[in-house]
Structures are given as C-alpha cells and as structure tokens.
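What follows is each chain in one-letter form.
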Amino acid sequence: SATAARHFSSVGSLPPTYERLFNKYTEVRRVLGAQRLTLAEKILYSHLDNVEESLLSNTDNGRSIRGKANLRLKPDRVNMQDASAQMALLQFMSCNLERPAIPASIHCDHLIVGSKGADSDLSAGIETNKEVFDFLESAARKFGMDFWPPGAGIIHQTVLENYALPGLMMLGTDSHSPGASGMCNITIGVGGADAVEALVGAPWELKAPKVLGVELTGKLNDWVAPKDIILRLAGELTVRGGTGSIIEYFGPGVDTLSLTGMSTVCNMGAEVGATTSIFPYTAASARYLHSTRRSQAVANAEALQSFPGAGTSEDAKFRFRADEGAEYDQVIKINLSELEPHINGPFTPDLATPLSKFKDVVKDQKWPEKLSAGLIGSCTNSSYEDMTRVESLLKEAASAGLKPAADFYITPGSEQIRATLERDGTLETFAGAGGIVLSNACGPCIGQWKRHDGVEKGTSNAILTSYNRNFRGRNDGNPETMNFLASPEIVTAMAFAGSTTFNPMKDALKTPDGKEFRFSAPHGLEGPETPFESGVASLGVLSQEADPSIEVAISPSSERLAFLEPFAPFPQSDLTGLRVLVKVTGKCTTDTISAAGPWLKYKGHLPNISTNTLNTAVNAETGEVNAAYDLDGSRHTIPDLGALWKERGQEWLVVAEHNYGEGSAREHAALQPRYLGARVVLTKSFARIHETNLKKQGVVPLTFADEADYDKISAGDEVSTVGLYEMLQNGGTGEVFLRVKRAGADEVLIPTKHAVTKDQAGFILAGSALNLLSKGI
Ligand code: MIC
Ligand code: SF4
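These lines cover the structure that appears in this document, whether it is placed above or below. Treat the numbers as computed from the prediction; the structure is a model and nothing was measured. (Residues numbered from 1 in each chain as written. Chains lettered and ligands numbered in written order. Predicted model: local features only at pLDDT ≥ 70, side-chain atom pairs only at ≥ 80, totals over all residues. Heavy atoms only, no water.)

Further remarks concern the overall build of the protein. On a plain count of helices and strands, the protein comes out with 26 helices and 30 strands. Taking 777 residues into account, the globule formula puts the C-alpha radius of gyration at 28 Å, and the protein, at 26 Å, falls close to it. Projecting the C-alpha coordinates of the protein onto the three principal axes gives extents of approximately 75 × 70 × 55 Å. The burial tally for the protein puts 63% of its 777 residues in the buried class. Put simply, of all contacts in the protein between residues at least 6 apart along the chain, 75% involve residues at least 24 apart. For the protein, the exposed surface amounts to about 27,400 Å²; the carbon and sulfur share of it is 50%. For the protein, the separation between the mean place of its 74 positive charges and that of its 92 negative charges on side chains is 2 Å. (Helix = DSSP H or I, 4+ residues; strand = E, 2+ residues; numbered from the N terminus. Rg over C-alpha atoms; globule rule 2.2 N^0.38 Å. Buried < 20%, exposed > 50% of the residue type's maximum accessible area, 1.4 Å probe, protein only. Contact = heavy atoms within 4.5 Å. Areas by Shrake-Rupley, 256 points an atom, 1.4 Å probe, with all protein chains shown as cover. Lys, Arg positive; Asp, Glu negative; His and termini not counted. Charge placed at Lys NZ, Arg CZ, Asp CG, Glu CD.)

Moving on to the side chain of Ser-382. Looking at the secondary structure, you find Ser-382 in the loop between β14 (371–377) and α15 (384–399). Among the polar contacts listed, one links the side chain of Ser-382 to the backbone nitrogen of Gly-413, at a separation of 2.8 Å. Not counting residues within four places of it along the chain, the set of residues in contact with Ser-382 comprises Gln-157, Gly-377, Met-387, Thr-411, Pro-412, Gly-413 and Ile-417. (Polar contact = N/O pair within 3.5 Å; in protein donor to acceptor, adjacent residues only side chain to side chain.)

This part is about the environment of Pro-528. Looking at the secondary structure, you find Pro-528 in the loop between β20 (516–517) and β21 (578–585). Those residues in contact with Pro-528 that lie beyond four places of it in its chain are Tyr-384, Thr-420, Arg-423 and Asp-424.

Surveying the vicinity of ligand 2 reveals the residues His-110, Ile-154, His-156, Asp-174, His-176, Cys-379, Cys-442, Cys-445, Ile-446, Asn-468 and Arg-474. For ligand 2, the cavity whose grid points lie within 2 Å of the majority of its atoms is the largest cavity. Here the residues of the shell around ligand 2 sort into five nonpolar, four polar and two charged. (Near = heavy atom within 4 Å. 1 Å grid on protein atoms, 1.4 Å probe; cavity = no way out; pocket = protein on both sides within 12 Å on 5 of 7 lines; lining within 4 Å. Sits in = over half its atoms within 2 Å of the grid points. Nonpolar A, V, L, I, M, F, W, Y, C, P; charged D, E, K, R; others polar.)

Our next topic: the site of ligand 1. Around ligand 1 sit 13 residues, and of these Asp-174, Ser-175, Arg-474, Ala-665 and Arg-666 come closest. Contact distances for ligand 1 include 2.7 Å between an oxygen atom and a side-chain N or O atom of Arg-474. A distance of 2.5 Å is found between an oxygen atom of ligand 1 and a side-chain nitrogen or oxygen belonging to Arg-666. The cavity where ligand 1 resides is the largest cavity.

Side chains that differ in sign of charge can pair as their charged atoms come close. The tally for this structure, following the rule as stated, stands at 43 salt bridges. The salt bridge involving Arg-29 is made with Asp-323; its shortest N-O contact spans 2.6 Å. Taken together, the residues span a long stretch of sequence, with Arg-29 in helix α2 (residues 16–32) and Asp-323 in the loop between α13 (295–305) and β11 (330–335) at a distance of 294 residues. Per residue, the accessibility class of Arg-29 equals that of Asp-323, and both read buried. Residues joined by salt bridges that share partners form a network here, namely Glu-27, Arg-30 and Glu-52. (Salt bridge = Lys/Arg side-chain N within 4 Å of Asp/Glu carboxyl O.)

Moving on: helix α10 (residues 227–237). Summarising burial for α10: eight of the 11 residues are buried, a large majority. Of all the residues in α10, the buried ones are Lys-227, Asp-228, Ile-229, Ile-230, Leu-231, Leu-233, Ala-234 and Leu-237. Of the residues one or two after α10, Thr-238 is the one with positive phi, at around 65 degrees.

The next point concerns the sheet that holds strand β5 (residues 169–172). With parallel pairing, the five strands of this open sheet are ordered in space as β4-β3-β2-β5-β6. Taken across any chain shown, the strands that pair with only one partner, and hence form the sheet edges, are β4 (146–148) and β6 (186–189). Across the sheet, the axes of successive neighbouring strands diverge by a mean angle of 20 degrees, strand direction being ignored. By the bridge criterion, four bridges tie strand β2 (residues 77–81) to strand β3 (residues 104–107) in an arrangement that is parallel. Each residue of the ladder has a partner; that of Gln-81, found in β3, is His-107. Its contacts with the sheet place helix α9 (residues 192–199) against β2, β3 and β5, and it is angled at close to 145 degrees to β2. (Pairing = 2+ DSSP bridges. Axes fitted to C-alpha atoms, helices over the stretch in contact; angles between N-to-C directions.)

Below, the structure is given as structure tokens:
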C-alpha cells in the first residue's frame, strides 16, 4: 500500500528486521484502527505474512481475532537442538533447497550424559555421539546454519545470549524455546516439521492465541526468586491452563525483575501449556544486552521505539509494551511482595506447595525425608544472578564448616556463563563445597544422568532440582525418583540439610563444632560487573555461508541416522478396519509416547526409536505399564504389538485421556506411531505442540465430543471413520464420527471434535506436511 511504501523509503536508520517489523506494524494499525493491542499481539501480528487477510477474514472486522483467526506467520529465525534437529534436518534435506529462507542455528546439548564432571563427560559424549554431531555439523556447513558444538551450551541459554532481541519472532524445535521471550519477543516451541516449514520460507500457521495477562505488583522478598512466580502460577493454572494462550506479564512488578529472571518465567510457561510468554522490554533487558556485548541492539531498540518515520500519533509508534487500555482474556494478579518460595512436584510441575507448608506435606504424603541430590542450573536457572545468589549461601556455609549433605551438581547453561563464573571465582566456590560442575549441556535434566550414589532403579528417593520439568523417570530413568522443582537457592540450601523437611528460612543446621547455623537470605549480582567472557574458543559458534558442495553422508548401516521414507497419501475414502491398539489411562506425556534418556541416541533413526513407542503408557483396562493385547488375546509390549500390526498391514488408533502429548516438542511422538501404522489418536484433549505434530505427520487427532464416550471404546475394537474424508476434502470443515464395533456387542457411533485447518487438511491428505513441502510450495 501507499502508506507502507512511504514508510519504507524513510526508514533508513533501522536495521532490516526492524524495518520489516515497523512496516508490518503500520499495516496492522491501518487494518485494526484504534483497537488497543497487547504487547504479544503487536509483535505477533507484525509477523503476519498477509496482515489484512489474516486479521479480517472470519473475525468480524478484526474485533475478535484471538482464539479464532488462523495466523500465517513469517518468523525471523529458527533454532534447533541436536536431538530434534536430526529429524528436522532430515526433513529439510528432502526439500532439496540450497539454503534455508531464514537464519537458523543448531545447538549440541541434549546428547551429553552428566556423570563425573564437565571435562570427562564432554569427551565421552563427543565420542559416543560422533556420527550424529558430524552429521549435524556437515548439514550446518552445507546449508549455512550456525553450529554450536557440544559443550557450547544449552540451546535456550545460547539463544538468549546471542539471538534473542526485542520484537523478533523465532521458532525453536524445543518446548522451552519461549525462554528467549524474556527478551520481549515471541519465541514459540514447535516440532521439526514446523521448523522445516519456516526454513523453506512457507508461512507458519497458528490459531491466534488468547492473551492471558499476569499483573505483577510489589517486589520479591528475601529467599523468593523469579522462578517462584511461575511455580506458583503453575499451581493455579495446572498443566493445561495456558493452552491456546500467550501469557503476558505487565504491571510495576515487572521493572523489579532481572532479564534472566523473566526468561526463567517464560521458559516454564511450557509447563502450563502456554503457546509462549512475554515480558515488556525494561531497563534490565537493556542491561543484559550490554553485558552480553550487544550494545548495538539497545541502540536499535531505542531507534525503533522513537522512530520519527512513525509521525506524531502515539499509536503509530512501535513500543515494546502493551497499549494503554489493552484488554486481556483473563488477568491473574500476583503481588510479588506476598509471594513465597515454592516447591513443585513430584511427577508433575503443577503440584505447587509453598515452602512454609512443604514439611507438613512431605510428612502427610510420606514422601522421602532424605534428600539424595540437589541439582542446579540447566536452561532454566543458570544465570549469573542465580549462580551468585547460590554462591552467597555456599560461602556462608563454608565459613561455618558446612558441606552439602546431599550430592550437589551444577549445570552451567552455556560456555559463556561458565567462563564468566570461572573468571569471577564462583566456580571455585562450587568446587570448594564439593559441587560437581557438569558440562554445559542438558544432562540430568533429560535422563542423561549416571548416578553414583547407589540408588537402585525402583527405589523411592527424593531429589530437588532447579530445572523446569519433572515427569516420572525423567532424570535418572528411575520411575520412583521424586523430582521436586524449586529455585536454585532453595535447592542449594536444602542440599546442605540433606532433608526435604528443612526450611532454610527458619530452620537451623548443626555445624561440625556443634553450633547452630542459620542461612542468611541469598544475595547476588544481576549480571557480571564487566561483560561476559566468551570462554573456550573451540566451544564457540561456527558461522558460515551455505556450501552446496558439501555432502551430508549417512551410512546405510547406521543405527543412529536413517533417511526418511515418505508416508503414503491418505486413501481416497474414509478409514475402515482400524483397530484400537491400546487404550491409555492417566497422564500421557511426550516422554510416555517417546521416552528420552538412552533413547535420545535414536532421534535420527525412525525405525529404531519406534521400538520405544508408548513404552511407559498405562493400559486403561489392565492397569499394566507397556502391555497391549493382540486380537487373539496374546500379550505384547505396546511397541511390539504396533510393529506386529504394521507387518500385518493392520492400521490402528490410540485412545487416551487429557492433555495427551504434554511436555516436549519432540515430533517423534507423532512420527513413531505414524510409522507403526497409527491413523487416528482419540483423546479427551491434546497439548498444542503435539496436536500440531500429529497433523503434520498425517495422523488425525480427534477429541471426544462427550468425554464420557471414553468408556464406550476398548482396546481391540474395530473402528471406521464417518465424515473424515469429506472433512479433509472440505479443508477442515465438517463433523467426524467414529463407528465402533466390538465382537458380540452393538455398534456405537462416537461423535468427535477436531481442530484441523485448511492447510493441515492438505498435509493429512498428502500423507504428511513434508510430502507437500518437498514438492515445493
Ligand atoms: C525436554 O525438555 O523435554 C526436551 C528434551 O528438551 C524436549 C525436546 C526433545 O524431546 O527433543 C522439549 O522440551 O521439547
Ligand atoms: Fe535441555 Fe532440560 Fe532445558 Fe530441555 S528442559 S532444553 S532437556 S536443560
């Protein structure tokens, strides 16, 4: 339009991304007029491929976009971690492009086991995963993507330090990617197929999220950390409460928080199912940009906000905060001055207990009173502030002659933070306390933890971590390990006591000479006094132009990597003769569907990783874990029966309960069932990323129109779809029923609901999104 063109010619002082942002924003304003916008909407809508079409179609003139419009978005970049990048790159390679349409990075972090300490763990990790790291590095070189080698750090920390800028929109192939949104941007966790869409330059589709406002007032007290905001919120919202929403923080309390604190809160928005979370750009954001040596970014952010090209109208200016009077779909108020430290768990991140009540709950629930290990750091909580606050506790305890009573592990989030902590003496304090510094990688957070304390598999025990997620078996593969989540300060203080009933805010410890010792409140520095160190050069980024001459080789005999075979297109009719492979009860997370830990090594090999499919799911009919019954009554593991049925050409569906696919972004949880012959997944509800992943791989996610119908369908039942083919042909419009037949019983017709969009209907008909993308768009 003429307006956009006029602005275009006068925006010389803005960097290209902000020039684009500003022009799009001008269009958004033109289309939506004086409508008040939340911060999330401003940034999100300013990344629309076609502003007018997205905001006006089906949305009564732009008045009710949220929850209704299908947004087709153009992200600024894509970040991938090693575990999910393998499948993403295998898919990208099938598209035969020379380079991605937008910048991308690969981070080697998930595959390194935490055991004895950084140096030996890192070299062991590089050795066992050499084939995969070589594959990732050669793909990075071929396609001109940034490559962060093993030891460089955990994706979310590295992204925050290097790529996260106010106003951007990024996709990350990991559910905790929204950690970057602490820097006032929209970063969304997605599966690999979504990332590939963005990489080939196709618009990425998202149902316009609702915006859940969280108003922060007051100021955190002693012992309370930003982490406690989200621990407390998780208790209120539950693991499903954020589904379909962006959580936007606002209010005077925001200005009291550090940038890294805001990032921790955004990281864990994943635990309540939020699409992403966002904070305004504050003085702390600018301080963080300076200390991570990005002063130019501060100047750019200022230039955008005060851009003269915007003219004099207040609305025309792009500000990194919500418009005055913007409305939220729901507002939750948190007075930081009244917030307590929280401890969440076990087994689910939304079981929140305030510290003052934790002792009683431990006793009531008969949870272990002995604390076996305290683990701090990770992508969630390894900031300079976190670590120096912990350091203050360690120093005080050391001068009283105390050492942690439980094993104590520290995972720095990146080489930059590690090197800076080393420079400033913090690592020495950790070592002095007997803490084991692990490599800058995921390690114990994702089942890559070799414990040395003799706790056997199957033995109930308690650990405390400053991580973000605590599903069963997640840390050490022991389903009886209770992982409780807390701030690093609380984890550390309780590790000294070695007890889950210790309250560091009031209880005393005994020193070796028999005196009473009480911790003072932790204190630290928001950031280093001089900018961050970049650390060991070989752990820095490899940044290069695309080089099409590079071959990305995969050995045909590889157990770790395998080229992908395309899935067959949808039949030209409804589905008939499907059978229910298993009916699952209770929590069924992506860990349940595709376990991590030792299985991470097969992330690039679909046939091999498929042998773990649903291997910790609970059979609703028998209560057994990982048991499914063939039509002749013979008992198998779930993946074995799936493989048997695949061989027999028997296609199938899974039936499950709420929030199916909760947790991670791993698309393997969709690819594996698809590979083994799943056509439909029928549940009471889905987690967002997983539901999209299923559609991208050509599996149809359906939910019960009436939850009670869960009782009307059993394992082994024969199922055909009614209306599904028509719905797909009509671009997602129309109702779908399932006709269920059981030997010796009447047929039942189960009404279902679905959220299939036009594009997604196309993916399913084609057999998968990749089948379409590889043909070119
Ligand atoms: C996780 O925290 O669960 C993971 C492992 O980082 C996953 C990604 C994966 O499974 O590859 C996530 O959060 O998406
Ligand atoms: Fe890694 Fe854990 Fe963070 Fe996931 S949550 S990125 S596994 S450290």
